[in-house]
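Understanding the architecture of this molecule
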Amino acid sequence: MKILITGGTGLIGKALVCELALANNDITVLSRSPQKVYSHFCNEITCWTQLNDKQNLNEFDAVINLAGEPIADNRWTPSQKQKLVNSRCHLTQKLVDLIKASDSPPAIFISGSAVGFYGDQGDKKVTEETPANPEFTHELCAKWERIALEAQTPLTRVCLLRTGIVLSTLGGALPKMSKPFKLGLGGKLGSGKQYMPWVHIDDMVRAIVFLLKTPNAEGAFNLTAPNPVQNKEFTRLLGKAFNRPALMTVPESVLRLVMGESAALVLGGQQAIPEKLLNAGFEFRYPHLEEALKDIITTGK
């Protein structure tokens with residue numbers, strides 16, 4: 001397949017590009033930094049630095065859109081919130097416009113989203129049909145998804161990736177979370193009862209490839225392992241993986257003081273279940289957190 005990928009130098013993107021390239025797909029990565037692309041993938045990957053209105057996407061079989069400003073790196077000031085929205089929605093709209101302008105459009109458009117779509121759901125089990133709570137993360141993801149779905153036609157199917165915490169030692173949340181545990185200072189956040197939907201980086205990539213190759217797959221999919229855990233269990237297993245205690249507690253008041261509104265990311269959660277993926281026949285290689293952490297930390301994935 002000939003595939004256009006945005007966000008190809010991010011955590012998921014790098015792993016996905018490598019997997020697809022190994023399977024002899026023809027990959028084009030959209031990036032403002034060609035040097036960064038070529039440093040990761042040598043010269044086997046084509047790099048586009050921009051999209052313009054005169055282009056079309058007739059040559060591509062698929063478009064995978066993974067780009068977006070990291071949501072947890074900064075406090076949610078009004079300007080940062082707008083930056084989070086713009087970094088996702090503006091590029092997605094450009095891709096949708098190019099797909100719609102193509103005489104022979106890509107057969108599939110896979111676009112990022114997150115389990116934050118649902119807002120904080122407490123201990124309720126969350127499937128793709130669960131109604132959302134109207135919080136900032138829902139507003140952000142809902143707008144992002146609405147734009148992506150504009151590409152849906154009889155010629156182009158759209159899959160939305162409602163992603164949980166992607167576990168890898170190479171980026172994302174896990175390296176940041178691991179630092180205090182390595183020092184023996186790890187522990188739960190707030191009450192520890194909030195659910196953490198997670199997925200091993202290998203299963204994340206495998207699930208995207210599965211959706212790419214499954215002709216009747218469309219709509220939103222929870223990209224999370226089938227066994228989410230509460231924060232207190234996550235921290236216990238993370239401490240066990242490093243052979244360190246996990247006895248500390250970071251009070252909710254401290255998290256809200258340090259993180260402001262974005263503390264909702266760690267104090268709330270979703271017991272998200274990948275119901276549609278499982279029903280479609282996808283099999284997780286790492287369905288349980290303990291074995292996932294062991295593999296990631298042992299292999300350095």
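Our structure's up above, just so we're on the same page.
Let us look at the structure shown here. (Residues numbered from 1 in each chain as written. Predicted model: local features only at pLDDT ≥ 70, side-chain atom pairs only at ≥ 80, totals over all residues. Heavy atoms only, no water.)

A word on the layout of surface pockets. A volume near 210 Å³ is recorded for the second largest pocket. Sorting the residues of the lining of the second largest pocket by element identifies α1 (11-22) and α6 (201-213) as the ones contributing at least two each. The biggest single contributor to the lining of the second largest pocket is α1, with five residues. Residues of the lining of the second largest pocket, tallied by class, amount to six nonpolar, one polar and six charged. (1 Å grid on protein atoms, 1.4 Å probe; cavity = no way out; pocket = protein on both sides within 12 Å on 5 of 7 lines; lining within 4 Å. Points joined across faces, edges and corners; volume = space filled by probe spheres on them. Helix = DSSP H or I, 4+ residues; strand = E, 2+ residues; numbered from the N terminus. Nonpolar A, V, L, I, M, F, W, Y, C, P; charged D, E, K, R; others polar.)

Time to look at a nonpolar patch on the surface. Side chains of Val250, Val254, Leu257 and Val258 sit close together on the surface and give an oily, nonpolar patch of about 350 Å² of accessible area. Inspection of the secondary structure assignment puts Leu257 in helix α8 (residues 252-259). Take Leu257: its relative accessible area is 69%, and that puts it in the exposed class. (Patch = residues over 30% accessible without salt bridge, like charges linked within 9 Å, V, L, I, M, F, W, Y side chains within 5 Å. Areas by Shrake-Rupley, 256 points an atom, 1.4 Å probe, with all protein chains shown as cover. Salt bridge = Lys/Arg side-chain N within 4 Å of Asp/Glu carboxyl O. Buried < 20%, exposed > 50% of the residue type's maximum accessible area, 1.4 Å probe, protein only.)

For the rest of this paragraph, the subject is the nonpolar core. Grouped together as the largest cluster of nonpolar side chains are 35 residues, with contacts concentrated most on Leu16, Leu20, Ile64 and Ile110. With eight residues, α6 is the largest single contributor of residues to this core. Leave out the neighbours within four places in its chain, and Leu20 touches Ile3, Ile5, Asn25, Ile27, Ile64, Val209 and Leu212. Membership of the second largest hydrophobic core comes to 27 residues, among which are Val85, Phe109, Ala151 and Ala220. (Core = buried A, V, L, I, M, F, W, Y, C linked by side-chain atoms within 4.5 Å. Contact = heavy atoms within 4.5 Å.)

Turning to the sheet that holds strand β5 (residues 108-114), a few remarks are in order. Sheet architecture is open: seven strands sit in the order β3-β2-β1-β4-β5-β7-β12, paired in parallel fashion. Looking at which strands have only one partner, the edges of the open sheet turn out to be β3 (46-48) and β12 (219-223). Going across the sheet, the axis of each strand differs from the next one's by a mean of 20 degrees, ignoring polarity. Pairing between strand β7 (residues 157-163) and β12: five bridges, direction parallel. By the bridge assignment for β12, Leu160 is matched with Ala220. This element, helix α3 (residues 78-100), spans β1 (2-6), β2 (26-30), β4 (62-65) and β5 of the sheet and lies at about 165 degrees to β5. (Pairing = 2+ DSSP bridges. Axes fitted to C-alpha atoms, helices over the stretch in contact; angles between N-to-C directions.)

Coordinates in, geometry out; function isn't part of it.
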